[in-house]
Amino acid sequence: MITAKAWAAQTPTSELAPWQFERREVGAHDVQFDIQYCGVCHSDLHQIRNDWFEGIFPMVPGHEIVGKVVKVGAHVKKFKVGDLAAVGCLVDSCRTCSSCNDGLEQYCLNGATGTYNSREQDHKTPTYGGYSNTIVVNEDFVLHISDKLDLTATAPLLCAGITTYSPLRHWKVGKGHKLAVLGLGGLGHMAVKFGVAFGADVTVLSTSPKKEADAKKLGAHHFVVTTDPEQVKKAKGSFDFILDTVSAEHDLSFYLSLLKVNGSLICVGLPSSPFSLPAFSVVGGRKSVAGSSIGGIAETQEMLDFCAEKGIVSDIELIAMKDIQSAYDRMIKGDVRYRFVIDMATL
Ligand code: NAP
Ligand code: ZN
Ligand code: ZN
């Protein structure tokens, strides 16, 4: 077994603290890489707090993982020692169901294996994430990253990037569309970059007036403060798509009123409480409410290659492992500019 150093939550109410655990030996199809940087996703916070469901503790969060390969199994074909490597939210799936066959491992009908707070395909062994020094993953779930991009700023592409890229591609958002990105945080700022790259007219809908200048720098064409009734009035009925990245409870029918007839609101944010959805808010205007989860492995590689070609990375604040709690505190206040990334050398 490989002893890994990490920071873990021992219970849903405890702060993260140093912890050691065992990772499996490198199998014939496995890649081991030493983790250099790991992004901090709002999902990390949801999960260590049991916001969604009863988690598996101790929990080592982190699913925006980049580093350098230190060992490969005898049958590994896609990686060699010294290569850059990355892992996102998935480390395995059943590989036999219709979703897996369609490259939609995130929707595996038998339950994909998440990078942490999940179980291996034996449905027993818990998985531990990227707030650690090293990881062992089957090569089919390890991604290639370009050495042309800044490695620290590449880490968030593995979740914030693919989670916004995938729905924009699925709904073919681009030229001629008015896209609103709801919430300017980790996911939101990547949605702005991709929306602009795909040719859409992009508006940020935000509760934080002070983010306007940043939104414009990220490429957004317009900015609407959703707490300002005058600005909201002008935006009514104007968007083809709203990509909803909000992490906390919010009023869907208020945002649905900003869609055009036939418009779609796509949820990627995962508040812990259920939405209330008055029938009138979708019936009037033939509107859709949809959702999307991360992306499959092939699409994640496609997104990483697209980012390398276009020079797209995340805007990040690099932190030391010991500062994780204050990063979470700022995240809860919506004060993320626009992704925290942990420097694993500080572990
Ligand atoms: P984040 O960086 O904290 O950003 C969330 C943003 O939402 C905030 O910056 C804030 O933006 C806005 N917001 C927060 N509370 C709000 C409220 N009450 N009303 C309106 N807006 C509010 O979080 P993230 O890492 O981007 O993650 C966002 C959500 O997506 C989380 O729930 C996360 O679990 C989920 N997620 C889902 C997937 C998936 O596959 N579907 C993948 C990753 C993450 P403003 O200041 O601009 O208002
Ligand atoms: Zn995430
Ligand atoms: Zn499957």
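Note that the structure is a prediction, hence the values are computed from the model and not measured.

**Student:** Could you give an account of the site of ligand 1, with specific residues and numbers?
**Tutor:** Near ligand 1 there are 30 residues, and of these Ser-206, Thr-207, Ser-208, Lys-211 and Arg-339 occur at the shortest range. The separation between an oxygen atom of ligand 1 and a polar main-chain atom of Leu-187 is 2.8 Å. Among the cavities detected, the one that contains ligand 1 is the largest pocket. If you list the elements that add at least two residues to the shell around ligand 1, you get α1 (42–48) and α5 (186–197). Among the elements that line the shell around ligand 1, the one with the most residues is α1, at three residues. Residues lining the shell around ligand 1 come from more than one domain, with at least three contributed by each of domain 1 (2–159 + 315–346) and domain 2 (161–291).

**Student:** A description of the nonpolar core should follow, citing residues and the corresponding values.
**Tutor:** Counting residues in hydrophobic clusters, the biggest one holds 93 residues, and the most contacted among them are Phe-33, Tyr-131, Leu-179, Phe-194, Ile-324 and Tyr-328. Each of domain 1 (2–159 + 315–346) and domain 2 (161–291) accounts for three or more of the residues forming this core. Those residues in contact with Phe-194 that sit more than four places away from it in its chain are Gly-161, Thr-164, Tyr-165, Leu-168, Met-303, Phe-306, Cys-307 and Ile-312. In terms of nonpolar packing, the next biggest core, distinct from the first, is built from 17 residues, Val-224, Val-246, Tyr-255 and Leu-259 among them.

**Student:** So what's going on with the packing of aromatic side chains? Residues and values would help.
**Tutor:** Tallied over the full model, the rule gives 10 aromatic pairs. With 6.1 Å between their ring centres and 20 degrees between their planes, Phe-194 and Phe-198 make a pair best called stacked. According to the relative accessible area criterion, Phe-194 is buried, its value standing at 0%. For Phe-198, a relative accessible area of 11% corresponds to the buried category. Their ring planes at 65 degrees and their centres at 5.5 Å tell us that Phe-198 and Phe-306 sit as a pair that is edge-to-face. Of this pair, Phe-198 sits in the loop between α5 and β10 (201–206) while Phe-306 sits in helix α10 (residues 297–310), and the two are 108 residues apart along the sequence. The burial state of Phe-198 is the same as that of Phe-306; both residues are buried. Put simply, the rings of Tyr-165, Phe-194, Phe-198 and Phe-306 pair up and form one aromatic cluster. One residue, Arg-169, lies across the ring of Phe-198, its end atom 3.8 Å from the ring centre.

**Student:** Give a description of the coordination of the zinc ion (ligand 2) that names residues and reports values.
**Tutor:** Bound to the zinc ion (ligand 2) are the protein donor atoms Cys-41 (SG), His-63 (NE2) and Cys-159 (SG), situated 2.0 to 2.2 Å from the metal. Along the chain, the residues that donate to the zinc ion (ligand 2) are spaced as C-x21-H-x95-C. Of this pair, His-63 sits in the loop between α1 and β4 (65–72) while Cys-159 sits in the loop between α3 (151–154) and α4 (160–170); the two residues are 96 residues apart in sequence, bridging distant segments of the chain. Pair check on accessibility: His-63 and Cys-159 agree, each one buried.

**Student:** Tell me about the coordination of the zinc ion (ligand 3), residues and numbers included.
**Tutor:** Of the protein atoms, only Cys-94 (SG), Cys-97 (SG), Cys-100 (SG) and Cys-108 (SG) coordinate the zinc ion (ligand 3), at distances of 2.3 to 2.4 Å. Around the zinc ion (ligand 3), the four donor atoms sit at angles spanning 102 to 119 degrees, and that spread fits a shape best called tetrahedral.

**Student:** Would you mind going over α10 in detail, with residue names and values included?
**Tutor:** Between its first and last C-alpha atoms α10 spans 20 Å; for 14 residues at 1.5 Å apiece the expected length is 20 Å, and the two agree. Taken residue by residue, α10 has Ile-297, Glu-299, Thr-300, Gln-301, Met-303, Leu-304, Phe-306, Cys-307 and Ala-308 as its buried positions. Residues of α10 that are buried in the fold lie against α4 and α5. A positive phi of about 70 degrees marks Gly-311, the residue just after α10.

**Student:** Provide a residue-level description of empty space enclosed by the protein, including the pertinent values.
**Tutor:** With the rule as written, the count across this model stands at one cavity of 30 Å³ or more. Volume-wise, the largest cavity comes out at about 70 Å³. For the largest cavity, the full set of lining residues is Gly-88, Cys-89, Leu-90, Phe-141, Leu-143, Leu-158, Ile-162, Ile-294, Gly-295, Gly-296, Ile-297 and Thr-300. The residue makeup of the lining of the largest cavity, split by class, is eight nonpolar, four polar and no charged.

**Student:** Go over the side chain of Arg-23, please, and point to the residues and values.
**Tutor:** Relative to the helices and strands, Arg-23 is located in strand β2 (residues 17–23). As a buried residue without a salt bridge, Arg-23 has its nearest oppositely charged side chain in Glu-120, at a separation of 7.2 Å. For Arg-23, the side chain forms a polar contact with the main-chain oxygen of Gly-129, separated by 2.9 Å. A distance of 2.8 Å separates a polar atom in the side chain of Arg-23 from a polar atom in the side chain of Ser-132. Residues within four places of Arg-23 in sequence aside, it is in contact with Met-1, Ile-2, Ala-4, Tyr-128, Gly-129, Ser-132, Thr-134, Ile-135 and Val-136.

Each value, and the rule that gives it
Residues numbered from 1 in each chain as written. Chains lettered and ligands numbered in written order. Predicted model: local features only at pLDDT ≥ 70, side-chain atom pairs only at ≥ 80, totals over all residues. Heavy atoms only, no water. Near = heavy atom within 4 Å. Polar contact = N/O pair within 3.5 Å; in protein donor to acceptor, adjacent residues only side chain to side chain. 1 Å grid on protein atoms, 1.4 Å probe; cavity = no way out; pocket = protein on both sides within 12 Å on 5 of 7 lines; lining within 4 Å. Sits in = over half its atoms within 2 Å of the grid points. Helix = DSSP H or I, 4+ residues; strand = E, 2+ residues; numbered from the N terminus. Domains from an automatic or database assignment. Core = buried A, V, L, I, M, F, W, Y, C linked by side-chain atoms within 4.5 Å. Buried < 20%, exposed > 50% of the residue type's maximum accessible area, 1.4 Å probe, protein only. Contact = heavy atoms within 4.5 Å. Phe/Tyr/Trp six-rings, centres within 6.5 Å; stacked < 30°, edge-to-face > 60°. Lys NZ or Arg CZ within 6 Å of the ring centre and 35° of its normal. Donors = N, O, S within 2.8 Å, 3.2 Å for Na, K, Ca; no water. Tetrahedral: all angles 85-135°; square planar, octahedral: opposite > 155°, others 65-115°. Expected span 1.5 Å × (residues − 1). Points joined across faces, edges and corners; volume = space filled by probe spheres on them. Nonpolar A, V, L, I, M, F, W, Y, C, P; charged D, E, K, R; others polar. Lys, Arg positive; Asp, Glu negative; His and termini not counted. Salt bridge = Lys/Arg side-chain N within 4 Å of Asp/Glu carboxyl O.

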